[in-house]
Amino acid sequence: MWIVVPHLSETLSGEQFIPQLQCLLDNLFAEAQIQTPILWYYTPMAVPFTRHLPSSAVVYDCMDELSAFKGADPQLQVWEAQLFKLADLVFTGGHSLYEAKRHQHSSVHAFPSSIEAAHFAQARRALPEPTDQADIPHPRLGFYGVIDERMDLELLDGIAQARPDWHLVMVGPVVKIDPASLPQHPNIHYLGGKSYPELPSYLAGWDAALLPFARNESTRFISPTKTPEYLAAGKPVVSTSIRDVVRPYGDENLVHIADTVPEFVEAIAAALDQGRTPADWLDRVDAFLAQTSWDLTWQAMNDRIEEAIAANARKTTPSTTTSSKTKYPTAIAANLDQLAI
């Protein structure tokens, strides 16, 4: 894997960076002798400086409705429409996004969040307590992730006031909102961002995990990866009624769903009781998570990609001779370059 970082002049503004990025990519393709790679897009904003590149297949990995985010570029929807025309495949990070995008392209496939279950399962055993969490009293109710406009700050404030004996541990950077807007109470602890390897140590010290998301345009299509990660850690989970959490986790009685402060407080109390007497809950969690490994997800994705490569090869090469097959190698069996944008 190569991670390629473009260096651009600070004086560029608006769309002035597009020709420079295009030139840098063209030089990269020439120097590295990259030919017909898979182009894998995470954002439509990359289309203006990449749409000319040759490829064996184009994948749009749509993880969020980016146009609904605070500060989104007004051109984002325009470029997404262009990306739908370019793409052979569209992958969505959840079922809500799939339902929103499936009529915009002929080959849309839902791939909800997968996880590295073994990594988060470390939290099921006693781990060394992080120093900034060690002195926080129990019960601890934890959240990790970006703290931004998707967070229901009024809900956090209400929970903290309703139960001053509970301690809310908030792990993650504050982004796109004024830190002064965060509710401040002695039982809310903002610990800042942590690395991926550190997360199990924090999770191990929680009594329950929270998904206190607001219900607004920026959360309408989210499919929080935290849901299966919390469950893999063996923690009871309480979430607001985010659609991709309700289906399937709420429907399967794996996660408690609540929205108002009184409902959320009641659900947390039930989750804490559940954590003390797990019964068959963890068995059901593990059976569900066994279907969500990255290996299974990637294999299903790769099957779709190989089909797209083969279909594109048939369009450009009528013959099915051996030489035409080797011109478009499969994604795993050969050294096919992949460019993630």
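See above for the structure.
Engineer: Describe the overall build of the protein chain, listing the residues and the values that go with them.
Structural biologist: Broken down by element type, the protein chain carries twelve helices and eleven strands. When its C-alpha atoms are laid out on the principal axes, the protein chain stretches across 70 × 50 × 40 Å. Scored against the burial criterion, the 341 residues of the protein chain give a buried share of 45%. Counting only contacts in the protein chain whose residues sit at least 6 apart along the sequence, the fraction spanning at least 24 positions is 67%. Mean positive and mean negative side-chain charge positions of the protein chain (25 and 41 charges, respectively) differ by 5 Å.

Engineer: Describe the packing of aromatic side chains, naming the residues involved and giving the relevant values.
Structural biologist: What describes a pair of aromatic rings is the distance from one ring centre to the other and the angle between the planes of the rings. Within this structure, the stated rule accounts for eleven aromatic pairs. Where tyrosine 60 meets phenylalanine 84, the ring centres are 5.7 Å apart and the plane angle is 70 degrees; that geometry is what we call edge-to-face. With tyrosine 60 in strand 2 (residues 57-62) and phenylalanine 84 in helix 2 (residues 76-86), this pair connects stretches of sequence that are 24 residues apart. Note on phenylalanine 84: relative accessible area 8%, which makes it buried. Every member of this aromatic cluster is reached through a ring pair, and the members are Trp40, Phe91, Phe111 and Trp298.

Engineer: I'd like a rundown of the environment of alanine 30, residues and numbers included.
Structural biologist: Tracing the chain through its elements places alanine 30 in helix 1 (residues 17-32). Look at alanine 30 and you get exposed, because its relative accessible area is 58%.

Engineer: Give me the nonpolar core: which residues, what numbers.
Structural biologist: Judged by nonpolar contacts, the single largest core of 55 residues is most densely connected at Trp206, Tyr230, Leu231 and Ile268. Residue contributions to this core peak at six residues, all from helix 9 (residues 261-276).

Engineer: Can you break down the sheet that holds strand 5 (residues 140-144) residue by residue, with the values?
Structural biologist: An order of 7-6-5-8-9-10 is seen for the six strands of this open sheet, with the pairing classed as parallel. Edge positions in the open sheet fall to strand 7 (188-192) and strand 10 (256-257), since each of these has one partner strand only.

Engineer: Talk me through the pattern of salt bridges; I want residue IDs and the actual numbers.
Structural biologist: The final tally for this structure, using the stated rule, is twelve salt bridges. Arginine 163 serves as the salt-bridge partner of aspartate 165, at 2.8 Å between the closest nitrogen and oxygen. Exposure remark for aspartate 165: the relative accessible area of 39% places this residue in the partly exposed category. The class of arginine 163 is partly exposed, set by a relative accessible area of 28%. Several salt bridges share partner residues, and in doing so they unite Glu99, Arg243 and Arg247 into one network.

Engineer: How would you sum up a nonpolar patch on the surface? Please name residues and give values.
Structural biologist: Taken together, the side chains of Met1, Ile3 and Val5 present a nonpolar region at the surface, about 450 Å² in accessible area. Take isoleucine 3: it is sitting in the segment before helix 1. For isoleucine 3, a relative accessible area of 73% translates into the label exposed.

Engineer: Tell me about unusual backbone geometry, and please be specific about residues and values.
Structural biologist: Omega for the bond connecting histidine 138 with proline 139 falls within 30 degrees of zero, at -5 degrees, which places this linkage in the cis form. Along the chain, proline 139 falls in the loop between helix 4 (117-121) and strand 5. With an omega of 15 degrees, the peptide bond running from arginine 247 to proline 248 counts as cis. Positive phi, normally seen in glycine, also occurs at glutamine 33, with a value near 55 degrees. According to the relative accessible area criterion, glutamine 33 is exposed, its value standing at 64%.

Engineer: Please set out the environment of glycine 205 residue by residue, giving values where relevant.
Structural biologist: Examined against the element boundaries, glycine 205 turns out to sit in the loop between helix 6 (199-204) and strand 8 (208-211). Judged by relative accessible area, which is 8%, glycine 205 ranks as buried. Each C-alpha atom, one on glycine 205 and one on glutamate 10, is 44 Å from the other, the two residues being 195 residues apart in sequence. For glycine 205, the residues in contact, after removing those within four places along its chain, are Glu129, Gln133, His138 and Arg140.

Engineer: Can you break down the pairing of strand 2 residue by residue, with the values?
Structural biologist: On any regular strand, side chains alternate: one points to one face of the sheet, the next to the other face. Of all six residues that make up strand 2, six are buried, and the element is covered over most of its length. Judged by which residues are buried, strand 2 turns out to be covered on both faces: Ala57, Val59 and Asp61 on one side and Val58, Tyr60 and Cys62 on the other are all buried. In the sheet, strand 1 (residues 38-41) pairs with strand 2 via four bridges, with the strands oriented parallel. Bridge pairing in strand 2 links leucine 39 to valine 58. Where strand 2 lies against strand 3 (residues 89-92), four bridges are found, and the strand directions are parallel. Among the inter-strand pairings, tyrosine 60 is bridged to a residue of strand 3, identified as valine 90.

Engineer: Run through helix 8 (residues 243-250), naming residues and quoting values.
Structural biologist: Within helix 8, the full set of buried residues consists of Asp244, Val245, Tyr249 and Gly250. The buried residues of helix 8 occupy one face: seen down the axis, they fall within an arc of 165 degrees. Lining the buried residues of helix 8 we find helix 3 (95-101), strand 8, helix 7 (226-232), strand 9 (237-239), strand 10 and helix 10 (281-289).

Scoring rules and cut-offs
For every chain, the first residue of its written sequence is number 1, and the numbers climb from 1 along that sequence. Restriction of local features to residues with pLDDT of at least 70 applies here, the model being predicted, together with a cutoff of 80 or more for giving and counting side-chain atom pairs; totals for whole chains, interfaces and linings are based on all residues. Remark: hydrogens and water are excluded; side-chain values derive from all non-hydrogen atoms of the structure. Helix numbers and strand numbers start at the N terminus; a helix is a DSSP run of H or I with at least 4 residues, a strand a run of E with at least 2. For every residue, the accessible area obtained with a 1.4 Å probe (protein chains only) is divided by the maximum for its type, and the residue is called buried under 20%, exposed over 50%, and partly exposed between those limits. Two residues qualify as a contact provided that any one of their heavy atoms is within 4.5 Å of a heavy atom in the partner residue. Charged residues are defined narrowly, with Lys and Arg counted positive, Asp and Glu counted negative, and His plus the chain ends left uncounted. To locate a charge, the coordinates of NZ of Lys, CZ of Arg, CG of Asp or CD of Glu are taken. Stacked, edge-to-face and tilted labels apply to pairs of Phe, Tyr and Trp rings (six-membered ring for Trp) whose centres lie within 6.5 Å, assigned for plane angles under 30 degrees, over 60, and everything in between, in that order. For this analysis, a nonpolar core means a set of buried residues of the types Ala, Val, Leu, Ile, Met, Phe, Trp, Tyr and Cys, connected via side-chain atoms within 4.5 Å. In short, DSSP must find at least two bridges between two strands for them to pair. The rule for a salt bridge is simple: a side-chain nitrogen of Lys or Arg has to be within 4 Å of a carboxyl oxygen of Asp or Glu. Here, patches come from residues exposed beyond 30% relative accessible area and free of salt bridges, joined within 9 Å for like charges and within 5 Å for nonpolar side chains (Val, Leu, Ile, Met, Phe, Trp, Tyr). Residue burial considers only the protein chains on display, and all accessible areas are found by Shrake-Rupley using a 1.4 Å probe. Taking the helix axis as origin, the arc is that swept by the directions to the C-beta atoms.

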